[in-house]
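Read off the chains here:
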Amino acid sequence: MALKILHITFSDSGGAGTAALRLHKGLINIGLQSKILVLEKKTQHAGVFEYPKKNKYLILFLRVLKKIGLPQTLEHRNDNLYKGFKGEFEYFSFARSSFINLHEHPLVTECDVVNLHWIPNFVDYPSFFRNIKKPIVWTQHDMSAFQGGFHYKEDNFRNPHLFDISQEQYLCKLASLANLPLSRMIVVSPSKWLLNEARSSEILRNFKHVHIPNGLESEIFNFKNQSELKTKFGLDRNKITVLFISETVKSIRKGFSHILELVEDQDVFSRFQFVAVGNIKKTQRKDKIVYLGSIHSEVEISKVYSAADIYLLPSIEDNFPNVMLESLASGTPVVGFNIGGLKDLIVNGRNGFLSDELTTQGLKASLLHCANQLNEFNRNQIAKTIGQDYSIDGQAENYKFVYQEITSQIN
């Protein structure tokens, strides 16, 4: 009988949610049974199930109490606390949640393996890891599992005033996982960088670690006729189209300040057209950037990748970005910094350029190198290579091996 896999993640949207959904599809393709349990369901996929919510009138009442400073739930108390934090960081999450009966959910009790993904503010560390009896595979999407409240290392250094409360989350995670039998869990990291970070961490170092990159559907993300698509999106044919995707331009980790500096560089702006996709607020928009708004259809976004000449990914810390994989699968070279998971895929001169110098000038130099070599890139071959090497079916086969190993250790 086929293994029953249950993925648990906060949502089926966003980077981690999209990655989990693609893995889920791949597992079904190769004959495994797979379902996803989320706290917030954003897609219409039949295989995704939302954790039961309270009565809508009770939810409304609790929200009113929260707003007037009388939070009744742990999540509301945490959220009010979070809103009072000062500093520059992308995200802060708490190790405890009110979902202390998650291990009793029917989907958990019926599965053979629980595959955790991005679980902040959903999985309650103390109760879940104490009570769960199923084998666990934990896919790392950032550093949250083995840090305190912050999800990337640099945020710790930027916000020393939040050390105590972050350390509180860290100690809670450390204690929660300390009593989990080592044979009960295998940790999977999509990038070699995150694999090394997780493997050297105090919280996760004693568990087995495996490297399995994310996958994607080459039926959607593939090489397409660029000329027609430039017309479709009204792009300037006399300039090199540089694409980036974001819901905000404020994230320090994602490095969008570098893009804002580049568009103000006259040498750059005269030669390149910068195009943004995402729900970026009007107050954050710049006159020199073309905004295509939010695009939720993967088919449509794949066309935008193909219409672009270069994808610009200025992250200064990153795991294995979906946007990198999607761009390369569309045959569009990527420019960024020589960090994290970008190093796993980008080879200078073959499918993009990476800057060793984490500065706007370094990024500019790599962008110009890429622009000067555009005609030498074999975009069709770039797309074909990614499509073959990073398919969701191939990814699923690698996970199947891990699932079989973890279940054999317990049975």
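Everything below is about the structure shown above.
These remarks concern the structure in this document. (Residues numbered from 1 in each chain as written. Predicted model: local features only at pLDDT ≥ 70, side-chain atom pairs only at ≥ 80, totals over all residues. Heavy atoms only, no water.)

1. Observations regarding the overall build of the protein
Tallying secondary structure elements over the protein gives 17 helices and 13 strands in all. Whereas a compact globule of 411 residues would reach a radius of gyration of roughly 22 Å, the protein reaches 22 Å, a difference of no more than 12%. For the protein, the spread of C-alpha atoms along the principal axes amounts to about 60 × 55 × 40 Å. Going through the 411 residues of the protein one by one, you find that 56% of them count as buried. If you take every contact in the protein between residues at least 6 apart in sequence, the share linking residues at least 24 apart comes to 67%. For the protein, the exposed area adds up to about 18400 Å²; of that, 50% sits on carbon and sulfur atoms. Across the protein, 48 positive and 42 negative side-chain charges occur, with their mean positions spaced 5 Å apart. (Helix = DSSP H or I, 4+ residues; strand = E, 2+ residues; numbered from the N terminus. Rg over C-alpha atoms; globule rule 2.2 N^0.38 Å. Buried < 20%, exposed > 50% of the residue type's maximum accessible area, 1.4 Å probe, protein only. Contact = heavy atoms within 4.5 Å. Areas by Shrake-Rupley, 256 points an atom, 1.4 Å probe, with all protein chains shown as cover. Lys, Arg positive; Asp, Glu negative; His and termini not counted. Charge placed at Lys NZ, Arg CZ, Asp CG, Glu CD.)

2. Focus: the nonpolar core
Membership of the largest hydrophobic core comes to 56 residues, with the highest contact counts inside it found for Phe272, Phe274, Leu345 and Leu367. Aside from chain neighbours lying at most four places away, what touches Leu345 is Phe320, Met324, Leu325, Leu328, Asn351, Ile386 and Tyr390. (Core = buried A, V, L, I, M, F, W, Y, C linked by side-chain atoms within 4.5 Å.)

3. Thoughts on the pattern of salt bridges
Evaluated as defined, the whole model comprises 15 salt bridges. For Arg158, the salt bridge identified is with Asp155, shortest N-O distance 2.6 Å. Of this pair, Arg158 and Asp155 are both found in helix 6 (residues 153-158), three residues apart, which corresponds to roughly one turn of the helix. On the basis of relative accessibility, which here comes to 4%, the residue Asp155 falls in the buried class. As a salt-bridge pair, Glu264 and Lys288 come within 3.4 Å of each other at their nearest N and O atoms. Taken as a pair, Glu264 in the loop between helix 10 (256-263) and helix 11 (266-269) and Lys288 in the loop between strand 9 (272-277) and strand 10 (289-291) lie far apart in primary sequence, 24 residues in all. Overall, Lys288 belongs to the partly exposed group, its relative accessible area being 26%. Overlapping salt bridges bring together Arg22, Glu298 and Glu326 as one network. (Salt bridge = Lys/Arg side-chain N within 4 Å of Asp/Glu carboxyl O.)

4. A short note on the sheet that holds strand 3 (residues 48-50)
In space, the seven strands of this open sheet follow the order 3-2-1-4-5-6-7, with parallel pairing throughout. In this open sheet, the two strands that pair with only one neighbour each are strand 3 and strand 7 (208-211). Sheet twist, expressed as the mean angle between neighbouring strand axes with direction ignored, is 25 degrees. Pairing of strand 5 (residues 136-139) with strand 6 (residues 185-189), which is carried by four bridges, proceeds in the parallel orientation. Along strand 6, the bridge assignment pairs Ile136 with Met185. In the packing of helix 8 (residues 192-199) onto the sheet, contacts are made with strand 6 and strand 7, and the angle to strand 7 comes to roughly 175 degrees. (Pairing = 2+ DSSP bridges. Axes fitted to C-alpha atoms, helices over the stretch in contact; angles between N-to-C directions.)

5. Digging into the packing of aromatic side chains
Inspection of the entire model under this criterion finds 20 aromatic pairs. With centroids separated by 6.1 Å and ring planes inclined at 50 degrees, the aromatic side chains of Tyr125 and Trp138 adopt a geometry described as tilted. Taken together, the residues span a long stretch of sequence, with Tyr125 in helix 5 (residues 125-131) and Trp138 in strand 5 at a distance of 13 residues. Pair check on accessibility: Tyr125 and Trp138 agree, each one buried. With a centroid separation of 6.2 Å and an interplanar angle of 65 degrees, the aromatic rings of Phe221 and Tyr305 are classed as edge-to-face. Of this pair, Phe221 sits in the loop between strand 7 and helix 9 (226-232) while Tyr305 sits in helix 12 (residues 298-307), and the two are 84 residues apart along the sequence. What links up through ring pairs into an aromatic cluster is the set Phe85, Phe89, Phe92, Phe94 and Phe150. The ring centre of Phe233 lies 5.4 Å from the NZ or CZ of Lys232, which sits over that ring. The ring of Phe269 has Lys239 lying over it, and the distance from NZ or CZ to the ring centre is 4.2 Å. (Phe/Tyr/Trp six-rings, centres within 6.5 Å; stacked < 30°, edge-to-face > 60°. Lys NZ or Arg CZ within 6 Å of the ring centre and 35° of its normal.)

6. Considerations on helix 1 (residues 14-29)
Taking 1.5 Å of rise per residue, the 16 residues of helix 1 would be expected to cover 22 Å, and the 22 Å separating its terminal C-alpha atoms lies within 8% of that figure. Turning to helix 1, its buried residues number three or more, namely Ala16, Gly17, Thr18, Ala19, Ala20, Leu21, Arg22, Leu23, His24, Gly26 and Leu27. Immediately beyond the C-terminal end of helix 1, within one or two residues, lies Gly31, with a positive phi of roughly 100 degrees. (Expected span 1.5 Å × (residues − 1).)

7. With respect to the pairing of strand 2 (residues 33-40)
Pairing geometry for strand 1 (residues 4-11) and strand 2, over seven bridges, is parallel. Counted as the bridge partner of Ile5 is Ser34 from strand 2. Crossover connection from strand 1 via helix 1 to parallel strand 2: handedness right-handed. (Right-handed = clockwise from strand over helix to strand, strands pointing away.)

8. Quick notes on the sheet that holds strand 12 (residues 334-337)
A sheet is described by the order of its strands in space; here six strands give the open sequence 10-9-8-11-12-13, paired in parallel fashion. For this open sheet the edge positions go to strand 10 and strand 13 (352-355), each flanked by a neighbour on one side alone. This sheet shows a mean twist of 25 degrees between the axes of neighbouring strands, independent of strand direction. The strands touched by helix 15 (residues 360-372) are strand 8 (240-245), strand 9, strand 11 (310-313), strand 12 and strand 13; relative to strand 13, the strand with the most contacts, the crossing angle is about 160 degrees.

By themselves, these figures tell us nothing about what the structure is for.
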